[in-house]
Amino acid sequence: MENRLVKDMEEAKVISILRGIEKNTILKVAEALYKGGIRFLEVTFDHASQDFQKTQDAITTLCREFQGRMEIGAGTVTTIELVHKAAEAGAKFIISPDCNEDVINETKKLGLVSIPGAFTASEILKAHYAGADFVKVFPAGNMDPSYIKALRGPIPQVKLMAVGGIDASNIAAYIKAGCIGAGVGGKLANKKAIEEGKFELLTEAAKELIQAAKEAI
């Protein structure tokens, strides 16, 4: 299954990152993003509150409601324990802020797509050799897209994903520089729009982002 998901992710170009969305609104947010063309959602574990059950419940709910329409994954997965919690909830891909070989190995053992975070060439190759399907360059937005192009020179075999500070205004530049796509959080799931119930703004933001990504191809 992970091989199909990897291919689908490459084609989709965008993973929407949901962080701190309340249970009573997360389905509305996801539906709005789906209408805008989003097909991959990452729900992050909340390390500040340590309320990991909340994330598990959100993933389970989204998997049930969007089965066959969107693929749901878990983010900020930093331990083997969280890999298992995500898998039990139904997550199909695992995203981390760091390169933890134990997390990568456990993710692959469970048949899930592995997307660890890295920044330097050494970290990226470490993740790649550990079995990562993609490597999340984080925080990508802190560096010019030329940084991605420079990385791609010596390591063209690694599938890179830009995360952190990516939006419709710059996603094309990162894709043209060599990323297969990007993970986008607050610029897509805008908290102010969510609080005001203006879910149509999320749909429009998703459409704009995906259009910008397609234009880079």
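Residues numbered from 1 in each chain as written. Predicted model: local features only at pLDDT ≥ 70, side-chain atom pairs only at ≥ 80, totals over all residues. Heavy atoms only, no water.

A. The arrangement of the side chain of Lys-136 in detail. Looking at the element boundaries, Lys-136 is found in strand 7 (residues 135-137). Despite its burial, Lys-136 pairs with no opposite charge; the closest candidate is Glu-42, at 5.2 Å N-O. Within the local environment of Lys-136, its side chain forms a polar contact with the backbone oxygen of Ser-96, the two atoms lying 3.3 Å apart. Those residues in contact with Lys-136 that lie beyond four places of it in its chain are Ile-95, Ser-96, Pro-97, Ile-115, Pro-116, Gly-117, Ala-118, Met-161 and Val-163. (Helix = DSSP H or I, 4+ residues; strand = E, 2+ residues; numbered from the N terminus. Buried < 20%, exposed > 50% of the residue type's maximum accessible area, 1.4 Å probe, protein only. Lys, Arg positive; Asp, Glu negative; His and termini not counted. Salt bridge = Lys/Arg side-chain N within 4 Å of Asp/Glu carboxyl O. Polar contact = N/O pair within 3.5 Å; in protein donor to acceptor, adjacent residues only side chain to side chain. Contact = heavy atoms within 4.5 Å.)

B. Representation of helix 4 (residues 80-89) in the model. Turning to helix 4, its buried residues number three or more, namely Leu-82, Val-83, Ala-86 and Ala-89. One side of helix 4 holds all its buried residues, which, seen down the axis, span an arc of 130 degrees. When the buried face of helix 4 is taken as reference, the exposed residues oriented beyond 90 degrees from it are Glu-81 and Glu-88. In this structure, the buried side of helix 4 is in contact with helix 3 (52-65), strand 3 (71-75), strand 4 (93-95) and helix 5 (101-109). Backbone geometry just downstream of helix 4 places Gly-90 in the positive-phi region, at approximately 110 degrees. (Arc of directions from axis to C-beta.)

C. Fine view of helix 10 (residues 199-215). An ideal rise of 1.5 Å per residue puts 24 Å on 17 residues; helix 10 measures up with 25 Å between its terminal C-alpha atoms. All of the buried residues in helix 10 are Phe-199, Leu-202, Thr-203, Ala-205, Ala-206, Leu-209, Ile-210, Ala-212 and Ala-213. Taken together, the buried residues of helix 10 touch strand 1 (14-18), helix 2 (23-35), helix 8 (171-177), strand 9 (181-184) and helix 9 (191-195). (Expected span 1.5 Å × (residues − 1).)

D. Region of the structure containing the pairing of strand 2 (residues 40-44). With five of five residues buried, strand 2 is to be regarded as a mostly interior element. The alternating pattern of strand 2 places Phe-40, Glu-42 and Thr-44 and Leu-41 and Val-43 on opposite faces, both of which are buried. Running through helix 2, the crossover from strand 1 to the neighbouring parallel element strand 2 is right-handed. Where strand 2 and strand 3 come together, five bridges link them in parallel fashion. Bridge pairing in strand 3 links Phe-40 to Glu-71. Since strand 2 and strand 3 lie parallel, the crossover through helix 3 that links them has a hand, and here it is right-handed. (Right-handed = clockwise from strand over helix to strand, strands pointing away. Pairing = 2+ DSSP bridges.)

E. Looking closely at the pattern of salt bridges. The final tally for this structure, using the stated rule, is 15 salt bridges. One salt bridge in this structure joins Asp-167 and Lys-187, with 3.4 Å as the shortest N-O distance. In this pair, Asp-167 is assigned in the loop between strand 8 (160-163) and helix 8 and Lys-187 in the loop between strand 9 and helix 9, connecting sequence segments 20 residues apart. The partner of Glu-196 in a salt bridge is Lys-192, and the shortest N-O contact between them spans 2.8 Å. Owing to a relative accessible area of 41%, Glu-196 belongs among the partly exposed residues under this scheme. Linked by salt bridges that have partners in common, Arg-4, Asp-8 and Glu-71 make up one network.

Function-wise, these values are silent; they only describe arrangement.
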